[in-house]
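So the chains spell out like this:
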Amino acid sequence: MKSPERMPKFYLTTAIDYSNGEPHLGHALEKVGADCIARYRRLRGDAVHFLMGMDEHSQSVIQAAARAGVTPQTWVDRMAATFADYWRRLHCSNDDWIRTTEPRHARAVAALLERIQQRHPADLFEAEYEGLYCTGCEEFKTGAQIVDGHCVEHPTLELIPTKERNHFFRLSAYRDAVLDRIRSGSLTVQPEIRRNEVLRLLEAGLQDISISRQRQPWGIPFPGCDRLWPADLHVVGKGITRFHCVIWPAMLLAAELPPPRAVWAHGYVQWSGAKMSKTAGTAVTLAEAIDRHGADALRYFLLREVGFDNDGDFTWERFDARYTSELADTVGNLVSRALTMIVNYRGGTVPRDPKNSDTPLEAAARGALAAYARAMDANRLQEGAAQLVALASAANRYVEETQPYKLAKQPERAAELDSVLANLARTVARIAVLAQPFLPATAATIWATVGSPPPGPLERVRLGDLEALDLGGRQVQKPPILFPKPRLAPA
């Protein structure tokens, strides 16, 4: 008997956010971008496991809890609920959520350290350390990490002179091993600018690092195989590549475990050219941004305008402009006019068209589908979103060129009208599928209005289904207004 084919495993993780305050747009960019990748990988047919979580052990958490007059545990419980609620509002489809206060996390940390001690006991040692400590990064800072007496990542925080006797990890012993893996590509760091930064860091040499905090009472005391590990992709911010592209792989190598296969280090969401952060204060809250045009629109804007490679600015003006021109006037307009014409001219039944592959719109669709897959395979989410809009724009041009509203007045051209409407219906269905990683709620609405064609519910659809997609004979409905245009006062 032939064994059933197994879907390729794709294990995706993100950074776990410090729980010292509410999430902001920078957090949202990372989580929405990772969710977009996870949704696309499911669309490809991969067996995806998507993990997010929260870092609850830090000096900044102790300080935040003290300011609020509650215990650290009470504080992190409150923050965990807040973060999880925002990610639900933004339609994140993570399969798991982990908190560092959970027993399973404490067990895993202890197991990792015990494994290193058993295999390379000299790599864990005690020593006294004196230096400048950043509570924002939860790390001692040296050299290029300090500018004008402040941490480059948290310029509003004072560095704290600290002298402690801590447990250390012999990071310096793993410099060559990590460097070789990145150079060979067995550990991929993307985009290229981040890879080059990490390589320069490694080439300059590494110092041993403290992995415990003597004076911090809030943490895990220093003390089997995972079917999903190694992670296929780890998504983090560019400011923590040292932790995730150098220190974490080195500790895994010390434990004789494989490092992640790839790390994607995204840029920052900026406001007027400055990084958004809880410690520095932000010009816009995440709640305000969601309420402006809805969760789907915010997801789309972060990935289409800000992007997932470099830093990008968030402004209300650009948000409104993208929402209006690309979502409302391009995607929303196409879906509305195409399905309304099918309802008005053919009673809601999509005509059958045996020549559906011989139209300019079909050629444009094939090109957009191929370009979309190339972009998304490479985690170029900005380019993937652009192909979605390009296909909708091509379909709107097709309407203007074929003028189905005029064909409907000429009974002798009924077959021509049938072909146009069939092409438009197929394009709308394809747009629903391509939009799903970016606009999950909107995509589900569009898919329902075209009758959820085979293979059925949107979550069952795969990219390979789109080539021969045929809606002939299916009943469609007039869609609701997908992207309403509210009157907005300047923010």
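Residues numbered from 1 in each chain as written. Predicted model: local features only at pLDDT ≥ 70, side-chain atom pairs only at ≥ 80, totals over all residues. Heavy atoms only, no water.

## Focus on the overall build of the protein
Consideration 1: The secondary structure content of the protein amounts to 15 helices and 16 strands.
Consideration 2: Relative to the globule expectation of 23 Å for 491 residues, the C-alpha radius of gyration of the protein, 26 Å, shows essentially globular dimensions.
Consideration 3: On the principal axes, the C-alpha backbone points of the protein span a range of 90 × 65 × 40 Å.
Consideration 4: Side chains of the protein carry 59 positive and 58 negative charges; the gap between the two charge centres is 4 Å. (Helix = DSSP H or I, 4+ residues; strand = E, 2+ residues; numbered from the N terminus. Rg over C-alpha atoms; globule rule 2.2 N^0.38 Å. Lys, Arg positive; Asp, Glu negative; His and termini not counted. Charge placed at Lys NZ, Arg CZ, Asp CG, Glu CD.)

## Considerations on the side chain of Asn-423
Consideration 1: In this structure, Asn-423 sits in helix 14 (residues 414-435).
Consideration 2: Reaching out from Asn-423, the side chain makes a polar contact with the side chain of Asp-353 at a distance of 3.4 Å.
Consideration 3: Only 3.2 Å separates the side chain of Asn-423 from the side chain of Arg-426, close enough to count as a polar contact. (Polar contact = N/O pair within 3.5 Å; in protein donor to acceptor, adjacent residues only side chain to side chain.)

## Some words on unusual backbone geometry
Consideration 1: Residues Gln-190 and Pro-191 are joined by a peptide bond in cis, for which omega reads -5 degrees.
Consideration 2: Following Pro-454, the chain continues into Pro-455 via a peptide bond in cis, with omega recorded as 15 degrees.
Consideration 3: Residue position: Pro-455 is located in the segment after helix 15 (440-449).
Consideration 4: In this model, His-91 sits at a positive phi of 65 degrees, which is unusual for a non-glycine residue.
Consideration 5: Mapping His-91 onto the fold places it in the loop between helix 3 (72-89) and strand 4 (96-99).
Consideration 6: At Glu-256, a position not held by glycine, the phi torsion is positive, near 60 degrees.

## What about the pattern of salt bridges?
Consideration 1: If you walk through the whole model with that rule in mind, you get 35 salt bridges.
Consideration 2: Here Asp-77 makes a salt bridge to Arg-99, at a shortest N to O gap of 2.5 Å. Here Arg-99 lies in strand 4 and Asp-77 lies in helix 3, a separation of 22 residues in the sequence.
Consideration 3: When its relative accessible area of 36% is taken as the criterion, Asp-77 is described as partly exposed.
Consideration 4: Arg-99 gets classed as buried once you look at its relative accessible area, which sits at 17%.
Consideration 5: Across the pair Arg-318 and Glu-305 runs a salt bridge, and its minimum N-O distance is 3.2 Å. Placement of Arg-318 in helix 10 (residues 316-346) and of Glu-305 in helix 9 (residues 295-306) is noted, with a sequence separation of 13 residues between them.
Consideration 6: Looking at Arg-318, the relative accessible area reads 36%, which means it is partly exposed. (Salt bridge = Lys/Arg side-chain N within 4 Å of Asp/Glu carboxyl O. Buried < 20%, exposed > 50% of the residue type's maximum accessible area, 1.4 Å probe, protein only.)

## Brief notes about the packing of helix 8 (residues 286-293) against helix 10
Helix packing for two helices is described by the angle between their axes and how far apart those axes are.
Consideration 1: At their nearest, the axes of helix 8 and helix 10 sit 11 Å apart, and the two run at 30 degrees to each other. By the angle between their axes, helix 8 is roughly parallel relative to helix 10. Between helix 8 and helix 10 lies a crossing whose hand is right-handed. Residues Glu-288, Ala-289, Arg-292 and His-293 of helix 8 form the contact with helix 10, whose own contacting residues are Trp-316, Phe-319, Asp-320 and Tyr-323. (Axes fitted to C-alpha atoms, helices over the stretch in contact; angles between N-to-C directions. Parallel < 35°, antiparallel > 145°, perpendicular 65-115°, else oblique. Left-handed = near helix turned anticlockwise from the far one by under 90°. Contact = heavy atoms within 4.5 Å.)

## As for helix 4 (residues 103-119)
Consideration 1: Its 17 residues give helix 4 an end-to-end C-alpha distance of 24 Å, which sits within 8% of 24 Å, the value for a rise of 1.5 Å per residue.
Consideration 2: The inward-facing, buried residues of helix 4 contact strand 4, strand 5 (124-134) and helix 7 (241-254). (Expected span 1.5 Å × (residues − 1).)

## A word on the state of the cysteines
Consideration 1: For the structure shown, the criterion picks out zero disulfides.
Consideration 2: Lacking any disulfide linkage, Cys-36 is separated from the closest cysteine sulfur, that of Cys-92, by 11 Å. (Disulfide = S-S within 2.5 Å.)

## A look at the confidence of the model for the protein
Consideration 1: The predicted model of the protein has a mean per-residue pLDDT of 90, with 93% of residues at 70 or higher.
Consideration 2: Put simply, strand 15 (residues 274-275) is where the protein has its lowest mean pLDDT, 70, and helix 12 (residues 381-402) is where it has its highest, 97. (pLDDT = per-residue confidence, 0-100.)

## Considerations on helix 12
Helical geometry note: an α-helix holds 3.6 residues per turn, so side chains three or four residues apart project in the same direction.
Consideration 1: Taking 1.5 Å of rise per residue, the 22 residues of helix 12 would be expected to cover 32 Å, and the 32 Å separating its terminal C-alpha atoms lies within 8% of that figure.
Consideration 2: The complete set of buried residues in helix 12 reads Leu-381, Gly-384, Ala-385, Leu-388, Val-389, Leu-391, Ala-392, Ala-394, Ala-395, Asn-396, Tyr-398 and Val-399.
Consideration 3: Looking one or two residues past helix 12, Gln-403 carries a phi angle of roughly 50 degrees, positive in sign.

## Some words on the packing of helix 11 (residues 360-377) against helix 12
Consideration 1: Remark: helix 11 packs on helix 12, axes separated minimally by 8 Å, with the N-to-C direction vectors making an angle of 175 degrees. Taken together, the axes of helix 11 and helix 12 lie roughly antiparallel to each other. Of helix 12, the residues touching helix 11 (which contributes Pro-360, Leu-361, Ala-364, Ala-365, Ala-368, Ala-371, Tyr-372, Ala-375 and Met-376) are Leu-381, Glu-383, Gly-384, Gln-387, Leu-391, Ala-394, Ala-395 and Tyr-398.
Consideration 2: When grouped by side-chain class, the residues that make up the contact of helix 11 with helix 12 number 14 nonpolar, two polar and one charged. (Nonpolar A, V, L, I, M, F, W, Y, C, P; charged D, E, K, R; others polar.)

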